[in-house]
Amino acid sequence: MKITGVETFLVAPRWLFLKIGTDEGICGWGEPVVEGRAETVRAAVHELSELLVGQDPLRIEDHWQVLRRGGFYRGGPVLSSALSGYDQALWDIAGKVRDAPVHELLGGPVRDRVRVYSWVGGDRPHGIREAVAAQVEAGFTAVKMNVAGPLPAIASPAEADAAVSRAWEAREALGPHRDLAIDFHGRVSPAMARRLVRLLEDVQPMFVEEPVLPETQGDALRSVVEASTVPVAVGERLYSRWEFKPVLDAGVAVVQPDPSHAGGISELRRIGALAELYGASLAPHCPLGPISLAASLQVAFATPNFLIQEQSAGMHYHEGREHSYLVDSSIFAFRDGYAARPLGPGLGIEVDEAAVRRADELGHAWRSPVWRHDDGGFAEW
């Protein structure tokens, strides 16, 4: 079998899909995208295609090594995301060739179902109690919310109290038997993060996510980990196992590599194994489309130290399109807050190629928001 060609599709609301074709008619799908930089990743995908066209698609690990290391300059969000989409698509082909879901090729399932969580609250959370109650009614046993909108380096007591108050609203709606995750989104300075995690201890979050920016992690991250008993999670802006080792050394409890950013299925598997050495859990980051989620679930079913899976249903960026572009989206019909084990070959989904091609004719130009503080200075989104 040989790879005959590579196509990319820019599809709303903010995604990029990849299709790898072969001379035996079996194709594989991936989702290589950096939110807000889809066109840039698209260019990288097509540049890398010259390394794959004409090659055997089943040599997945060899292709991963060449795509990762074949250029003198490597890594970073754009190239790693391009690699991630290729890796997902190659595993999809491998599963279809062998008529087996990818998790069976990874050693078989280690659980019967995968716990998922749902989002509540946007960038400036409000109506938290009602939003959480709706997710509880829908059967979810865990939710995640943003801690706040833009925050100054040292927030006022009122701003800090407002963030904690929202967390308590969510906790009261959830009760003691469900879980709450709180995303700091890198908006908080290390000093303020240390204060907030202490104030949040009684809320007992499942974890706080990305309490400091990835470029300031190091000792700053360790200081947040050591400031309280709240578990700390990081990883959506880390792109390889080499970048995860320092944060594991800092003592994080949960790693969150993204299947569309951190090297695809192959590297998520390795990051999970690395985390296992530290007693840390894997909770893949996944606020993107159906191909990325399908890839993530394959890893979740085969990973012993998996914790919980993010999914984007109800996320405010996606306008209800989370499971669009599939012939049958029932794989994502979560029941009682869990995803059932996918039994179909490859990623376990069938992409509606006609719908994807129609969407690509329109494309999109989604960009990350640019925020400002009250004094006009730049604020982290």
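Residues numbered from 1 in each chain as written. Predicted model: local features only at pLDDT ≥ 70, side-chain atom pairs only at ≥ 80, totals over all residues. Heavy atoms only, no water.

Per an unreviewed UniProt entry, the recorded name for the protein is Galactonate dehydratase, and the organism is Amycolatopsis melonis.

S.K.: Looking at this structure, I do not really get helix H5 (residues 128-137). What am I missing?
M.R.: Structurally, the α-helix is built with 3.6 residues per turn, so residues lying three or four positions apart point the same way. Within H5, the full set of buried residues consists of Ile128, Val132 and Gln135. One face of H5 carries all of its buried residues, which in axial projection span an arc of 60 degrees. Away from the buried face of H5 by more than 90 degrees, exposed residues Glu130 and Glu137 are located. In this structure, the buried side of H5 is in contact with strand E4 (113-119), strand E5 (142-146) and helix H6 (157-174). Downstream of H5 by one or two residues, glycine 139 has phi in the positive range, about 105 degrees. (Buried < 20%, exposed > 50% of the residue type's maximum accessible area, 1.4 Å probe, protein only. Helix = DSSP H or I, 4+ residues; strand = E, 2+ residues; numbered from the N terminus. Arc of directions from axis to C-beta. Contact = heavy atoms within 4.5 Å.)

S.K.: What is the right way to read the packing of aromatic side chains from this model?
M.R.: A ring pair, where both rings are aromatic, is described by two values, the distance of the centres and the angle of the planes. Summed over all chains, the structure comprises 8 aromatic pairs. Taken together through their ring pairs, the aromatic side chains of Trp15, Phe17 and Tyr325 make up a single cluster. Sitting above the plane of the tryptophan 242 ring, arginine 241 keeps its charged end 4.3 Å from the centroid. The ring of tryptophan 64 has arginine 270 sitting right over it, with the charged end atom 4.5 Å from the ring centre. (Phe/Tyr/Trp six-rings, centres within 6.5 Å; stacked < 30°, edge-to-face > 60°. Lys NZ or Arg CZ within 6 Å of the ring centre and 35° of its normal.)

S.K.: Would you explain the environment of serine 81 in this entry?
M.R.: In this fold, serine 81 is placed in helix H3 (residues 76-98). Residues serine 81 and serine 260, spaced 179 residues apart in sequence, show a C-alpha to C-alpha distance of 5.5 Å. Other than its neighbours up to four places away in sequence, serine 81 contacts Pro32, Val33, Val34, Val41, Ser260 and His261.

S.K.: Looking at this structure, how should I read the pattern of salt bridges?
M.R.: Side chains that differ in charge, positive against negative, can pair when their charged atoms come close. Enumeration according to the criterion identifies 16 salt bridges in this entry. Among the salt bridges present, the one from glutamate 39 reaches arginine 367, with a minimum N-O distance of 3.4 Å. With glutamate 39 in helix H1 (residues 38-48) and arginine 367 in the loop between helix H12 (353-362) and strand E13 (371-372), this pair connects stretches of sequence that are 328 residues apart. Taking the relative accessible area as the measure of exposure, arginine 367 reaches 40% and is therefore partly exposed. Arginine 241 is the partner of glutamate 267 in a salt bridge, and the nearest nitrogen-oxygen pair spans 2.9 Å. Of this pair, glutamate 267 sits in helix H10 (residues 264-277) while arginine 241 is found in helix H9 (residues 241-249), placing the two residues 26 residues apart along the sequence. Residues joined by salt bridges that share partners form a network here, namely Glu7, Lys19, Glu353 and Arg357. (Salt bridge = Lys/Arg side-chain N within 4 Å of Asp/Glu carboxyl O.)

S.K.: Whenever I open this one, the packing of helix H2 (residues 60-69) against H10 confuses me. Can you help?
M.R.: For any two helices packed against each other, one specifies the inter-axial angle together with the distance between the axes. Here H2 crosses H10 at 90 degrees, and the two axes come no closer than 10 Å. With respect to H10, the element H2 is oriented roughly perpendicular. Packed against H2, whose contacting residues are Ile60, Glu61 and Trp64, the element H10 presents Ser266, Glu267 and Arg270 at the interface. When grouped by side-chain class, the residues that make up the contact of H2 with H10 number 2 nonpolar, 1 polar and 3 charged. (Axes fitted to C-alpha atoms, helices over the stretch in contact; angles between N-to-C directions. Parallel < 35°, antiparallel > 145°, perpendicular 65-115°, else oblique. Nonpolar A, V, L, I, M, F, W, Y, C, P; charged D, E, K, R; others polar.)

S.K.: It is not clear to me how unusual backbone geometry should be interpreted in this structure. Could you clarify?
M.R.: With the exception of glycine, the majority of residues adopt a negative phi angle, and the majority of peptide bonds are in the trans configuration. Between alanine 12 and the following residue, proline 13, the backbone shows a cis peptide bond with an omega angle of 10 degrees. Among the structural elements, proline 13 can be located in the loop between strand E1 (3-11) and strand E2 (15-22). Its identity is not glycine, yet tyrosine 325 carries a phi of approximately 75 degrees, on the positive side. Tracing the chain through its elements places tyrosine 325 in the loop between strand E11 (309-310) and strand E12 (338-340). The class for tyrosine 325 is buried, based on a relative accessible area of 13%.

S.K.: It is not clear to me how the environment of isoleucine 93 should be interpreted in this structure. Could you clarify?
M.R.: The topology assignment puts isoleucine 93 in helix H3. Judged by its relative accessible area of 0%, isoleucine 93 is buried. Once the C-alpha coordinates of isoleucine 93 and tryptophan 29 are considered, the two residues, 64 residues apart in sequence, prove to be 8.1 Å apart. Apart from residues no more than four positions distant in its own chain, isoleucine 93 is found in contact with Met1, Ile20, Thr22, Ile26, Cys27, Gly28, Pro57 and Leu58.

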